[in-house]
Structure formats: C-alpha cells, structure tokens
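Here's the letter readout for the chains.
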Amino acid sequence: MQGARVLVAGATGVLGGAITTELVGRGARPALAGRDPDRLSAAARAHGGAPTAVFDAYDPASCARAVHAAADRLGGLDIVVTAFGSVAFGRAQETGDEVAEYLMAVNFLAPAAFFRSALGIMPPGSAFLALTGVVAERPQPQMADYSASKAALSAWLGAVRREARTAGIRVLEARPGHLDTGFADRSVAGSAPAMPAGMDVGQTVTAIVDALASDAQLLRVAADGTLSAEAPGR
C-alpha cells in the first residue's frame, strides 16, 4: 500500500471513512469522493488536505468526473474503492418502482460507472474494491430490491474481473454481513427488520484492506462468522 494512489468513493461514510483511515495508515495517498461538500472538506482536512471530488450516485457522469479528477490530482490511480450505497425495506409488492429504480442506480450503476471510467486509465497491477454484502449471495426477504441491486453489481464485477485480468487489473469484491454503521437506519423506504448483531467494523475494515493488499478476489463471511479471502482459482 505504500505510496498507492487510491480513490475512495463514499469516503464520508462510516465504512468508507474507516477504510480510508486504514489505507492512509498503510502509506496510501488518498483522493476522497462524496456527496456532501462540507463532510468531504472535513474528511480531507483529517487526511492532510487530500484532494476531493463531489459526486451524486444518481448521476453516472459525475462518477466518471470524480475518477478523472482524482487521477489528475494524484498523477494516476492504483486503486479505486466504492463504499457507498442505499437500502430499502419492505415486502416486494409494497416497494414502489421508483424506489427499486433508485436502489439499482445507486448500488449498481454508480459503482459500475466509477470502475468503467477507471478501466481505461489504470495501469497493470492496479485494483478495484467494491463493497456488495452478504445479500449479493443470500438475498433476504423484506429486502428484495436491495438484494437484487447488490447481486447485479456482483454479477457485473464477476464478468469485468475476467475482462480486466488481461490488463493486469484485479477486481476484489467484499461481501461482509450486517455492520452497525447506522446504514440500516437511513433507508429510503420502510424500516429495518430485526437484525443480528453486527460484525465488528474495525475487524471488517482490516480484513478488507488485508485482502486488497493480497491477490484475493473475493471476501465473504465464513461459517465461523469471520471474513475469509478467496484467491483466484477457487
């Protein structure tokens, strides 16, 4: 990680902020992207005046602009991280089409826009990191559209992983379980059902960045409840 030029999209969130701090602690040079200019400025001050870019996850063009702005400010990009999203709860028949469209835009199309823009400018040896979640492989009732949006991103990453391999770019997908970050309390529709105890945020972030520093391509919840990294070929 020493000297790696990293764009963290969602750096103003709890998880994105923790990932940024961990990366900086390992010597990375960050650029921060977020939706709220004031929170973004505060995050930049906390990381030595790191360059910033404002984006709106509902506007794919702004995601692409953030990638190119970060590359310009850092002199290139070695890692792009997407750590943002939105959630909704409720039975599928009661979820409005506009909510389903919003979730797909924010949770799938926006991360894809970041990575799509980065593919053409990142050098061999670089990497993508996307946060999907356990729902990408185990869809949950009362969360059908949220699960579908994360599964869509997971499927897209799986295909892009094979394409990007020829360019020497690694794609890492992290599927942690529920985390007590307040994310479920900020749903765009419905109220969260009873949730299991959240995974430890600090341990999760350490596992994610450890996987990013290795050759792992998937991080998922193991039978013992911890995050387990899978390398290519598994």
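Only a predicted model underlies this, so the values are computations on that prediction, with no experimental measurement involved. (Residues numbered from 1 in each chain as written. Predicted model: local features only at pLDDT ≥ 70, side-chain atom pairs only at ≥ 80, totals over all residues. Heavy atoms only, no water.)

Some points on the environment of arginine 35
Then, in step 1: Note on placement: arginine 35 falls in the loop between strand E2 (29-34) and helix H2 (37-46).
Then, in step 2: With relative accessibility at 63%, the residue arginine 35 sits in the exposed group.
Then, in step 3: Sequence separation of arginine 35 and valine 54 is 19 residues, and the distance between their C-alpha atoms is 5.4 Å.
Then, in step 4: Residues in contact with arginine 35, not counting those within four places in the same chain, are Val54, Phe55 and Tyr102. (Helix = DSSP H or I, 4+ residues; strand = E, 2+ residues; numbered from the N terminus. Buried < 20%, exposed > 50% of the residue type's maximum accessible area, 1.4 Å probe, protein only. Contact = heavy atoms within 4.5 Å.)

Some points on the environment of glutamine 203
Then, in step 1: Structurally, the position occupied by glutamine 203 is in helix H6 (residues 201-213).
Then, in step 2: Of the residues examined, glutamine 203 reaches a relative accessible area of 59% and is grouped as exposed.

Remarks on the sheet that holds strand E8 (residues 227-230)
Through backbone hydrogen bonds, the strands of a sheet pair up, either in parallel or in antiparallel fashion.
Then, in step 1: Strand order across the open sheet formed by 8 strands is E3-E2-E1-E4-E5-E6-E7-E8, with mixed pairing between neighbours. Only two strands of the sheet have a single partner each, and these edge strands are strand E3 (52-54) and E8. Here the average twist between neighbouring strands, direction ignored, is 15°.
Then, in step 2: Relative to strand E7 (residues 218-221), strand E6 (residues 170-175) runs parallel, the two being bridged by 3 bridges. Each bridged residue has a counterpart across the sheet, and for alanine 174 the counterpart in E7 is leucine 219. (Pairing = 2+ DSSP bridges. Axes fitted to C-alpha atoms, helices over the stretch in contact; angles between N-to-C directions.)

Details of the packing of aromatic side chains
Then, in step 1: Going through the model one piece at a time under the given rule, you end up with 5 aromatic pairs.
Then, in step 2: Taken together through their ring pairs, the aromatic side chains of Phe55, Phe84 and Phe114 make up a single cluster. (Phe/Tyr/Trp six-rings, centres within 6.5 Å; stacked < 30°, edge-to-face > 60°.)

Nothing here speaks to function; it is all geometry.
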